[in-house]
Amino acid sequence: MKFFIDTANLDQIKEAQDMGILDGVTTNPSLMAKEGITGTDNIMKHYVNICKIVDGDVSAEVISTDFDGMVREGEALAELHDQIVIKLPMIKDGVKACKYFSDRGIKTNVTLVFSPGQALLAAKAGATYVSPFIGRLDDISTDGLNLIAEIRHIYDNYAYETQILAASVRHTMHVIDCAKLGADVMTGPLSSITGLLKHPLTDIGLEKFLADYKKGN
Ligand code: E4P
């Protein structure tokens, strides 16, 4: 399973990249605003800065909601760097724009996906990635992980190549469960990745190994 980090924070992206386990980055307008990155020029520059840190795909979201606007924005974003993936909302014009970009060999990520039917449409439009938001489903007492399982089942039935990018991952158990269900990618905060390191027996064991080494030296 690929690990993407869901942030626009350059320090956190560097930290994950330095661990050697980072495969890409996802961003959205809210994550940009959280870092104080505003205005089209600054946002575009920030995407380039992110691409310089990470080796893999970097999702950059359009803010237009009509086909022409999405194409215009998406083409400008794709020009920025060859790692840029155009992130499009799951609405009718978003699906149409997804088909437009996939026909031209430009990578896409269809976002704000909350149902198997939406994921089916994204695959039919040739999306590179589909982003089901599991945490936001959990927030409304609906099993987000079940959506990953349903999409996996449907995509496997037809050998769709669209990669399931489990998004809105909030914690380490989401990461483990996504891996068990066969998500191709997960994107979450740095804590959902570094949290995987933790086990008290690792700490206790290491402490003892080091103490025993000191006894003999
Ligand atoms: C996905 O690409 C989104 O940026 C993200 O995962 C949303 O996560 P949230 O529900 O924690 O805001």
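This one's a predicted model, so the numbers in the text were calculated from it and none came from an experiment.

K.L.:
Give a description of the packing of helix 1 (residues 10–19) against helix 3 (residues 40–53) that names residues and reports values.
P.N.:
Running from N to C, helix 1 and helix 3 cross one another at 15 degrees; their axes reach a closest spacing of 10 Å. Between helix 1 and helix 3, the angle is such that the two are roughly parallel. Here the hand of the crossing between helix 1 and helix 3 comes out right-handed. Across the interface between the two elements, Leu10, Ile13, Lys14 and Gln17 from helix 1 touch His46, Asn49, Ile50 and Ile53 from helix 3.

K.L.:
If you had to explain the packing of aromatic side chains to someone new, which residues and values would you point to?
P.N.:
In total, this model carries 6 aromatic pairs according to the counting rule given. For the pair phenylalanine 67 and tyrosine 100, a centre-to-centre distance of 5.9 Å together with 85 degrees between the ring planes defines the contact as edge-to-face. On the criterion of sequence distance, the pair formed by phenylalanine 67 in helix 4 (residues 67–80) and tyrosine 100 in helix 5 (residues 92–103) is long-range, its members being 33 residues apart. Accessibility classification places phenylalanine 67 together with tyrosine 100 in one group, the buried group. Positioned over the ring face of tyrosine 100 is arginine 104, at 3.6 Å from the centre of the ring.

K.L.:
I'd like a rundown of the pairing of strand 3 (residues 57–61), residues and numbers included.
P.N.:
Burial of strand 3 is extensive: 5 of the 5 residues sit out of reach of the surface. Both faces of strand 3 are covered, namely the face carrying Asp57, Ser59 and Glu61 and the face carrying Val58 and Ala60. Of the strand pairs in this sheet, strand 2 (residues 24–26) and strand 3 are connected by 3 bridges, and their pairing is parallel. Bridging from a neighbouring strand, glycine 24 pairs with aspartate 57 of strand 3. Sheet topology note: the strand 3/strand 4 (residues 84–89) ladder contains 4 bridges and is parallel. By the bridge assignment for strand 4, serine 59 is matched with valine 85. Note on the crossover from strand 3 through helix 4 to strand 4: the handedness is right-handed.

The rules behind the values
Residues numbered from 1 in each chain as written. Predicted model: local features only at pLDDT ≥ 70, side-chain atom pairs only at ≥ 80, totals over all residues. Heavy atoms only, no water. Axes fitted to C-alpha atoms, helices over the stretch in contact; angles between N-to-C directions. Helix = DSSP H or I, 4+ residues; strand = E, 2+ residues; numbered from the N terminus. Parallel < 35°, antiparallel > 145°, perpendicular 65-115°, else oblique. Left-handed = near helix turned anticlockwise from the far one by under 90°. Contact = heavy atoms within 4.5 Å. Phe/Tyr/Trp six-rings, centres within 6.5 Å; stacked < 30°, edge-to-face > 60°. Buried < 20%, exposed > 50% of the residue type's maximum accessible area, 1.4 Å probe, protein only. Lys NZ or Arg CZ within 6 Å of the ring centre and 35° of its normal. Pairing = 2+ DSSP bridges. Right-handed = clockwise from strand over helix to strand, strands pointing away.

That's the geometry; what it means functionally is another story.
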